[in-house]
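Topology and contacts: notes
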Amino acid sequence: MAPRSPAATADPDLALLEPEKLVEAYRLMVLARALDERMWILQRQGKVPFVITGQGQEAAQVGAALALRAGHDIVLPYYRDIALVLALGMSPRELMLSAFARAADPNSGGRQMPNHFSSRRLRILTGSSPVGTQIPHAAGAALASRLRGEDSVVLVSFGEGASSEGDFHEGVNFAAIHRLPVVFFCENNGWAISVPSRRQMNVEGVARRAAGYGIAGVAVDGQDLLAVYRAVAEAAERGRGGEGPTIVEALTYRFVPHSSDDDDRIYRSADEMAEMRRRDPIPAFRERLEAAGLWDEAKEERLRQEVAATVDDAADHAERSPQPDPATVMQHVFASSGRDGHPWRSSA
Ligand SMILES: Cc1ncc(C[n+]2csc(CCOP(=O)(O)OP(=O)(O)O)c2C)c(N)n1
């Protein structure tokens, strides 16, 4: 049977993206999940020091990334955004080099925390670990981009916990006043480590906060890749059109503990976890592709094999790759005065 046109199915949102893009979006989610799962295994094996990942949030991340022009728009991701940076064009090898903190890690030569992504090529800016600091950075990047005469949009992502930080207020307020083209992309996964979102804000959600800044705010089902794609594409369009920033809140869920140092059984119930697992965005998207005639069991089998080989390659490559030279441990930590190697001594 010839594949049905997605637009002709009972799922009109599938027409938002070309069929090949829909399939690619699914591949990216499956790949991100597999890399993420392997990172946890490597941590438990003692091969990588620490992991902090985004299982459960893949649809939100890939949906957002596909609404951007990779390498043209500027992105300030946060630590859960494995799927987002993969969808922008970072490679599995690059992500594993970061997890293993190897010298060839593109984020920092093995000196940054894992998953503090960056890529000059893709205009991905690395962040600091204090929660929310990337938010004012994004407003600054958008202002700089405007001054350079670019038409880039800036997307900054963060959790709902970060939206309670002062940095959030400062960044959003500044971007709103100057009508900067920023998409404030909140991946609200319900928990900030052990703090539930109802203890995070006295309004229904992060998008509601937009009213206080006089900007657009929209909440979407973050487990629905196409709903997120549409919301971010519209926000980017508003930004490019001079209408200023938007808060897009993707309602999602984190399937894994906060990090490899966390035990989430202490603060959330097995029932809640099981219930949310039923809303796993990956099988849900597969079903939509199958219903549209774009996917089947044979394609799934091929994809699973291809992804397993890619993950093996990335992990093996990173494991074999050299450690940073200990002599470079202070590099990029202090600016050099060029005099005596002690930058805080400015003696003449
Ligand atoms: C300023 C600051 N406070 C606390 C921490 C410790 N910390 C790291 S991540 C995190 C939770 C952030 O939650 P949220 O912003 O909702 O993102 P999520 O991790 O849930 O995706 C906390 C409290 C930190 N890194 N920085």
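As the structure is a computational prediction, the values presented were derived from the model and not from experiment. (Residues numbered from 1 in each chain as written. Predicted model: local features only at pLDDT ≥ 70, side-chain atom pairs only at ≥ 80, totals over all residues. Heavy atoms only, no water.)

Our next topic: the packing of aromatic side chains. Scanning all chains against the criterion turns up six aromatic pairs. When the ring of Phe158 is compared with that of Phe168, the centres are 5.7 Å apart and the planes differ by 65°; the resulting orientation is edge-to-face. Residue Phe158 is found in strand β2 (residues 154-159), and its partner Phe168 is found in helix α6 (residues 166-177); the two are separated by 10 residues along the sequence. Accessibility expressed as a relative area gives 2% for Phe168, which makes it buried. Centre to centre, the rings of Tyr253 and Phe255 are 6.3 Å apart; their planes meet at 50°, and the pair counts as tilted. Like Tyr253, the residue Phe255 is buried in the burial classification. Aromatic ring contacts, followed pair by pair, group Phe158, Phe168 and Tyr213 into a single cluster. (Phe/Tyr/Trp six-rings, centres within 6.5 Å; stacked < 30°, edge-to-face > 60°. Helix = DSSP H or I, 4+ residues; strand = E, 2+ residues; numbered from the N terminus. Buried < 20%, exposed > 50% of the residue type's maximum accessible area, 1.4 Å probe, protein only.)

Turning next to the site of the ligand. Neighbouring the ligand are 16 residues; Tyr78, Tyr79, Arg80, Gly161 and Trp191 lie closest to it. For the ligand, an oxygen atom lies 2.8 Å from a polar atom in the backbone of Gly161. The contact in question runs from an oxygen atom of the ligand to an N or O atom on the backbone of Trp191, over 2.6 Å. Notes on the ligand: free accessible area 580 Å², of which the protein chains cover 72%. Of the residues contributing to the shell around the ligand, the split by class is eight nonpolar, five polar and three charged. (Near = heavy atom within 4 Å. Polar contact = N/O pair within 3.5 Å; in protein donor to acceptor, adjacent residues only side chain to side chain. Areas by Shrake-Rupley, 256 points an atom, 1.4 Å probe, with all protein chains shown as cover. Nonpolar A, V, L, I, M, F, W, Y, C, P; charged D, E, K, R; others polar.)

Let's shift gears to the UniProt feature "domain: Dehydrogenase E1 component" (unreviewed entry) in the protein. The feature "domain: Dehydrogenase E1 component" (unreviewed entry), as given by UniProt, occupies residues 26-326 in the numbering adopted here. Regarding residues 26-326, the helix share stands at 43% and the strand share at 11%, and the terminal C-alpha atoms are separated by 40 Å. (UniProt positions renumbered as here; feature names shortened; annotations may be inferred.)

Running from N to C, helix α1 (residues 19-44) and helix α4 (residues 92-99) cross one another at 25°; their axes reach a closest spacing of 11 Å. In terms of orientation, α1 lies roughly parallel with respect to α4. Relative to α4, the crossing made by α1 is right-handed. Contacts between α1 and α4 involve Leu31, Leu35, Arg38, Met39 and Leu42 from the former and Pro92, Leu95, Met96 and Ala99 from the latter. (Axes fitted to C-alpha atoms, helices over the stretch in contact; angles between N-to-C directions. Parallel < 35°, antiparallel > 145°, perpendicular 65-115°, else oblique. Left-handed = near helix turned anticlockwise from the far one by under 90°. Contact = heavy atoms within 4.5 Å.)

It is the contact of helix α2 (residues 58-66) with helix α7 (residues 225-240), at a shortest axis distance of 7 Å, that shows an interaxial angle of 40°. One finds that α2 runs oblique with respect to α7. The crossing of α2 and α7 is right-handed. Mapping the contact onto sequence places Ala59, Ala60, Val62, Gly63, Ala64 and Leu66 in α2 and Leu225, Val228, Tyr229 and Val232 in α7. Considered class by class, the residues forming the contact of α2 with α7 number nine nonpolar, one polar and no charged.

Side-chain pairs of opposite charge can arise where the charged atoms are in close proximity. Following the criterion strictly, the structure yields 25 salt bridges and no others. A salt bridge links Asp280 to Arg33; the nearest nitrogen and oxygen atoms lie 3.0 Å apart. Remark: Arg33 occurs in helix α1 and Asp280 occurs in the loop between α8 (270-277) and α9 (281-291); sequence separation between them is 247 residues. With respect to class, Asp280 is no different from Arg33; both count as buried. Arg121 serves as the salt-bridge partner of Glu94, at 3.1 Å between the closest nitrogen and oxygen. Of this pair, Glu94 sits in helix α4 while Arg121 sits in the loop between α4 and α5 (134-147), placing them 27 residues apart in sequence. Classification of Glu94 as buried rests on a relative accessible area of 16%. Each member of the salt-bridge network shares a partner with another, and the members are Arg286, Glu290, Glu297, Glu300 and Arg304. (Salt bridge = Lys/Arg side-chain N within 4 Å of Asp/Glu carboxyl O.)

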